[in-house]
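A closer look at the structure
Now for the letters of each chain:
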Amino acid sequence: MLKQMIKVIRSGDANGKNMIIKLTLSSGLDIYGFATPNFYGGDWDYGASWNYLVLSDQPFLLDTGRFNMGKKLLDMINAASLSINDFKYIVISHGHEDHDGGLYDLAEMTGKKIKAHAPYKQLTHFYPDLAPAGARPDFPASCWHCFMPEAYVNQNCLKYHKERTLLEIDEIKDGNSGLGERVKTYHVPGHSPDSLAIQLGDEAILVGDTVLPEITPFPSREAFFYQVEKVLYPEHTTADELYGLRAYIKSIKKLKKIGEKYSDIITLPGHRLFSNNNWNEINLRDRANELIEHHIQRCAAVLQIIKKEAKTIHQITKEHFPAHMLKDIGSAMAELEVHSHLELLIIAEDVMQAGRDKFIAAGSSNFKNIIRNLS
Ligand SMILES: [Zn+2]
Ligand SMILES: [Zn+2]
């Protein structure tokens, strides 16, 4: 069905990179998709970033590609016979560099108003006096937990960090988007604390990185909340509201409900809409179920590894992931995954800390009920 609705305006590579598409919903609403190249490679590569231009009655561009992609994205918009006069706002699906990296340049070039979910704005600022021990006080709060290598950061992030703080951001709240009559926004934190989903009538939903085909988006960690607690709005009072696997699963369940209500809703992801020369059609309800099941299985696998012997995060990660997944930044990504699952297992009292940095299974499997009951 998706395939029939999509008109390819410009083809890209086998994984969609540089592709431009147009999709017309049955209500007549036009959505354009632009796949801008990404930087990351190897086994944790998400592929090109899909940015969407939605011609609703308050037309908006969702996402801006990675750092330095602003100009390229604008060229792609022009290549689709559109211009900056065709949209009113730039909306950010979540504050990861592969989605808001081109924001500053695009905002400069177009003068458009920017909208993002509330924590985005707080987290893009610098608070040198509030950075906790172990964090980098010279980074914005969103990046206090950054684990990217120094060389990468110096080349890609310093300018990006500085520019983002200069931007004026309008805050989007649940349901109250100002993006058009039939456009509804949902806060779906977990992958990132500011993640948004945007529903277009009963026909389509833009889900950012919260639901992806082929790959399972990485969850953040609840520990990140305690780093940035002081810079967030006071209404954000608990970690699992914004960060970690519990927040993520709650968000997946929120989207699953939408998928149940509108069984053929078209789901447009932030990556992998097209890969291996194929359109990846997402059934929102089914994909949500798969993602929940994936995390249940991963919790079970982590428990199994520490069933008899206490182990460090590093040891658990090495046993759980195949060696090729642990190359370069892969090991930091993999440890983040294990860590966020351990956080849930500790809350479930299925895992205990053993000594300073080791963990051991307690013998129970409460996590299944915890995950089942999250809402
Ligand atoms: Zn992301
Ligand atoms: Zn992404």
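Rules and cut-offs
Residues numbered from 1 in each chain as written. Chains lettered and ligands numbered in written order. Predicted model: local features only at pLDDT ≥ 70, side-chain atom pairs only at ≥ 80, totals over all residues. Heavy atoms only, no water. Helix = DSSP H or I, 4+ residues; strand = E, 2+ residues; numbered from the N terminus. Rg over C-alpha atoms; globule rule 2.2 N^0.38 Å. Buried < 20%, exposed > 50% of the residue type's maximum accessible area, 1.4 Å probe, protein only. Contact = heavy atoms within 4.5 Å. Areas by Shrake-Rupley, 256 points an atom, 1.4 Å probe, with all protein chains shown as cover. Lys, Arg positive; Asp, Glu negative; His and termini not counted. Charge placed at Lys NZ, Arg CZ, Asp CG, Glu CD. Pairing = 2+ DSSP bridges. Disulfide = S-S within 2.5 Å. Expected span 1.5 Å × (residues − 1). Polar contact = N/O pair within 3.5 Å; in protein donor to acceptor, adjacent residues only side chain to side chain. Phe/Tyr/Trp six-rings, centres within 6.5 Å; stacked < 30°, edge-to-face > 60°. Donors = N, O, S within 2.8 Å, 3.2 Å for Na, K, Ca; no water. Tetrahedral: all angles 85-135°; square planar, octahedral: opposite > 155°, others 65-115°. Axes fitted to C-alpha atoms, helices over the stretch in contact; angles between N-to-C directions. Parallel < 35°, antiparallel > 145°, perpendicular 65-115°, else oblique. Left-handed = near helix turned anticlockwise from the far one by under 90°. Core = buried A, V, L, I, M, F, W, Y, C linked by side-chain atoms within 4.5 Å. Domains from an automatic or database assignment.

Next up on the list: the overall build of the chain. From N to C terminus, the chain includes 14 helices and 17 strands. For the chain, the C-alpha radius of gyration of 20 Å lies close to 21 Å, the compact-globule estimate for 375 residues. Across the 375 residues that make up the chain, the buried fraction comes to 57%. In the chain, the share of contacts with a sequence separation of at least 24, taken over all contacts with a separation of at least 6, comes to 65%. As displayed, the chain offers around 15800 Å² of accessible surface, 48% of which is attributable to carbon and sulfur atoms. Here the chain contributes 42 positive and 47 negative side-chain charges, whose respective centroids are spaced 2 Å apart.

Strand order in this open sheet of three strands is β15-β17-β16, and the pairing throughout is antiparallel. Of all the strands in the sheet, just β15 (311–312) and β16 (351–354) have a single pairing partner and so form its edges. Sheet topology note: the β15/strand β17 (residues 358–361) ladder contains two bridges and is antiparallel. Bridged to K311 within β17 is F359.

A few words now on the state of the cysteines. Here the structure, examined in full by the defined rule, presents zero disulfides. C146 supplies the cysteine sulfur nearest to C157, a cysteine that is in no disulfide, at a spacing of 6.1 Å.

This next bit is on helix α11 (residues 284–305). Under the 1.5 Å per step criterion, the end-to-end length of α11 is 32 Å for 22 residues, consistent within 8% with the ideal 32 Å. Among the residues of α11, those classed as buried are L284, R287, A288, L291, I292, H295, I296, R298, C299, V302, L303 and I305. If you check the start of α11, you find a side-chain oxygen 3.1 Å away from the backbone N of R285, and it comes from N283.

In terms of burial, strand β7 (residues 113–117) is a largely internal element, four of the five residues being buried. With three bridges joining them, strand β6 (residues 89–91) and β7 adopt parallel strand pairing. Counted as the bridge partner of Y89 is K113 from β7. Here four bridges tie β7 to strand β8 (residues 169–172), and the two strands are oriented parallel to one another. Bridging across to β8, A116 finds its partner in E171.

The description of an aromatic ring pair rests on the distance of the ring centres and on the angle between the ring planes. Inspection of the entire model under this criterion finds ten aromatic pairs. Arranged with centres 6.4 Å apart and planes meeting at 65°, the rings of F67 and Y160 form a pair that is edge-to-face. With a gap of 93 residues between them, F67 in the loop between β5 (60–62) and α2 (70–79) and Y160 in helix α7 (residues 158–165) connect regions that are remote in the sequence. A single burial state applies to F67 and to Y160, both of which are buried.

Right, let's get into the coordination of the zinc ion (ligand 1). Taken together, the protein ligands of the zinc ion (ligand 1) are H94 (NE2), H96 (ND1), H191 (NE2) and D209 (OD), with distances of 2.1 to 2.4 Å. One way to put it: the four donor atoms around the zinc ion (ligand 1) meet at angles of 88 to 171°, and that makes the site irregular. Within one chain, the residues serving as donors to the zinc ion (ligand 1) are arranged as H-x1-H-x94-H-x17-D. We classify H94 as buried; its relative accessible area is 1%.

What follows concerns the sheet that holds strand β9 (residues 183–187). Strands pair in a sheet through their backbones, by hydrogen bonds, and they do so in one of two ways: parallel or antiparallel. Taken together, four strands build an open sheet; the order of strands is β9-β10-β11-β12 and the sheet is mixed. What marks the edges here is a single partner per strand, and that holds for β9 and β12 (266–269). Shown here is a sheet whose adjacent strand axes are inclined to one another by a mean of 20°, direction ignored. For strand β11 (residues 204–208) and β12, the ladder comprises four bridges, and the chain directions are parallel.

Right, let's talk about the coordination of the zinc ion (ligand 2) for a bit. Taken together, D98 (OD), H99 (NE2), D209 (OD) and H271 (NE2) make up the protein donors of the zinc ion (ligand 2), found 2.1 to 2.2 Å from the metal. Bound by four donor atoms, the zinc ion (ligand 2) shows angles of 87 to 156° at the metal and therefore irregular coordination geometry. Counting the intervening residues between successive donors of the zinc ion (ligand 2) yields the motif D-H-x109-D-x61-H. Between the two metals, the zinc ion (ligand 2) and the zinc ion (ligand 1), the spacing is 3.5 Å, and D209 donates to both. Pair noted here: D98 is in helix α3 (residues 97–100) and H271 is in the loop between β12 and β13 (274–275), with a separation of 173 residues, a long-range link. The pair D98 / H271 is uniform in exposure class, with both members buried.

Contact geometry of α11 with helix α12 (residues 313–320) gives a least axis separation of 10 Å together with a crossing angle of 115°. When the axes of α11 and α12 are compared, the pair comes out roughly perpendicular. Between α11 and α12 lies a crossing whose hand is right-handed. In contact with R298, A301, V302 and I305 of α11, α12 contributes I316, E319 and H320.

Our next topic: the nonpolar core. Counting residues in each nonpolar core, the largest one holds 68 residues, and the members touching the most others are W144, L255, L342 and F367. The greatest single-element share of this core, amounting to nine residues, is contributed by α11. Lining this core are residues from two domains, each supplying at least three of them: domain 1 (2–282) and domain 2 (295–373). Here L342 is in contact with V302, I306, I313, I316, V351 and F359, once residues within four sequence places are set aside. Core analysis: the next-biggest nonpolar cluster, separate from the first, contains 30 residues, M19, L25, W50 and V54 among them.

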